[in-house]
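Topology and contacts: notes
The chain contents come next:
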There are 2 protein chains.
Amino acid sequence: MDMHEHVHTADAQGRQDTVERLKRAGLRPTRQRIALAELLFGTADRHVTAEQLHGEASNAGTRISLATVYNTLHQFTAAGLLREVVVESGRSYFDTNTGSHHHFYYEDSGDIVDIDAANVAFAALPETPDGHEIAAVDVVIRVRPRDRIRRR
Amino acid sequence: MDMHEHVHTADAQGRQDTVERLKRAGLRPTRQRIALAELLFGTADRHVTAEQLHGEASNAGTRISLATVYNTLHQFTAAGLLREVVVESGRSYFDTNTGSHHHFYYEDSGDIVDIDAANVAFAALPETPDGHEIAAVDVVIRVRPRDRIRRR
DNA sequence: TCAACAGATTAGAATTATTCCAAGAATGCA
DNA sequence: TGCATTCTTGGAATAATTCTAATCTGTTGA
């Protein structure tokens, strides 16, 4: 009954870092943004949809509207804190890993898994179209469970 | 007033080929499917959305519902006549080029342009996850107009 | 030739993901 | 503290796509 008196001290530092990170990105550290940032950056790299993240925030007791989740994901993306991954039409994934890397996409489960940039190298790439520059080179390796029964 | 008597003979062969192609794919050569197939495969390789194709068919005088366009695009894809390209969440493109190749995606205009498979070569690719096989390796090179004013 | 059945088409409703909007809060500088 | 600015929000609006149930068409076998 008295053992949870000041649990917040455990996370106080992480929270302060989050606030700093938001400020550096030019975003006011509001209650909602802090909550989402902690969910997004508190653990290992991850890939989330707006709906998913909204669920997590709700479960964690943060009152936040879905519209705000969408707004925040886009703001974080614009600020370079997130990166949008397109692997499936009709659903947007946001990746907390903003470094150069690629993705496996599991067609059966819909899972997305990072591929380290070091594991993909190009021997040839086409010329960049005149007057343009490359914004990104995205590689998606789509995989599916191997057929047990081989067709012949 | 009498110079368009039997214009259909000009396209008769192409139409017959289309009918054959549909039959081989196990699809009944219906009026709608024939019309869409001719729009899709009548000219050079192209990338279309359902909405676009529906508009073209309507303009060409073919009465066809949007639902049928969606059905047909998916059936053609399942039959290997089309390939779906995912470059933008929220909008599906279908590519009449089903061979191995990749894409430029123009972020400003939304245009999609084929890159011949010969122009993309890998020096390294990660191992395929256990129990899985590769369905496809999709490379999307996202380009944007080059900044005139270089930041320093 | 044609009946009959499987397969195809359709209008419109339903669903899903996302964005828009206007109004009420929260934030942080002066 | 006092505001101006920026945020958040519920709910309506939009967009792409899928579903549904009724109707129609293509094909096949007698």
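Residues numbered from 1 in each chain as written. Chains lettered and ligands numbered in written order. Predicted model: local features only at pLDDT ≥ 70, side-chain atom pairs only at ≥ 80, totals over all residues. Heavy atoms only, no water.

Quick notes on the relation of the copies chain A and chain B
For the match of chain A to chain B, the screw axis carries a shift of 0.0 Å, the RMSD comes to 0.0 Å, and the turn is 180 degrees. On this basis, the relationship between the two copies can be described by a two-fold rotation axis. Residue by residue, 98% of the interface of chain A is reproduced at the interface of chain B, so both copies engage with the same surface. (Least-squares fit on C-alpha atoms with pLDDT ≥ 70 in both. Contact = heavy atoms within 4.5 Å.)

Details of the protein's contact with DNA strand D
Inspection of the region around DNA strand D gives 19 residues, with Thr30(A), Gln32(A), Thr68(A), Tyr70(B) and Arg91(B) positioned closest. Per the 4 Å cut-off to the protein, sugar and phosphate atoms form 77% of the nearby atoms of DNA strand D. Gln32(A) is positioned with one of its side-chain polar atoms (N or O) 2.7 Å from a sugar or linking oxygen of DNA strand D. Measuring from a phosphate oxygen of DNA strand D, one finds a side-chain N or O atom of Thr68(A) at 2.6 Å. Looking at the surface near DNA strand D, the elements that each hand over two or more residues are helix H2 (31–41) and helix H4 (66–78) of chain A together with helix H4 (66–78) of chain B. (Near = heavy atom within 4 Å. Polar contact = N/O pair within 3.5 Å; in protein donor to acceptor, adjacent residues only side chain to side chain. Helix = DSSP H or I, 4+ residues; strand = E, 2+ residues; numbered from the N terminus.)

Some details on the protein's contact with DNA strand C
The environment of DNA strand C is formed by 19 residues, the closest being Tyr70(A), Arg91(A), Thr30(B), Arg33(B) and Thr68(B). Of what DNA strand C places within 4 Å of the protein, 78% of the atoms are sugar or phosphate. A distance of 2.5 Å is found between a phosphate oxygen of DNA strand C and a side-chain nitrogen or oxygen belonging to Arg33(B). In the model, a phosphate oxygen of DNA strand C is placed 2.5 Å from a nitrogen or oxygen of the Thr68(B) side chain. Elements represented by at least two residues in the surface near DNA strand C include exactly H4 of chain A together with helix H2 (31–41) and H4 of chain B. The leading source of residues in the surface near DNA strand C is H4(A), at 4 residues. In the surface near DNA strand C, the residues fall into 6 nonpolar, 8 polar and 5 charged. (Nonpolar A, V, L, I, M, F, W, Y, C, P; charged D, E, K, R; others polar.)

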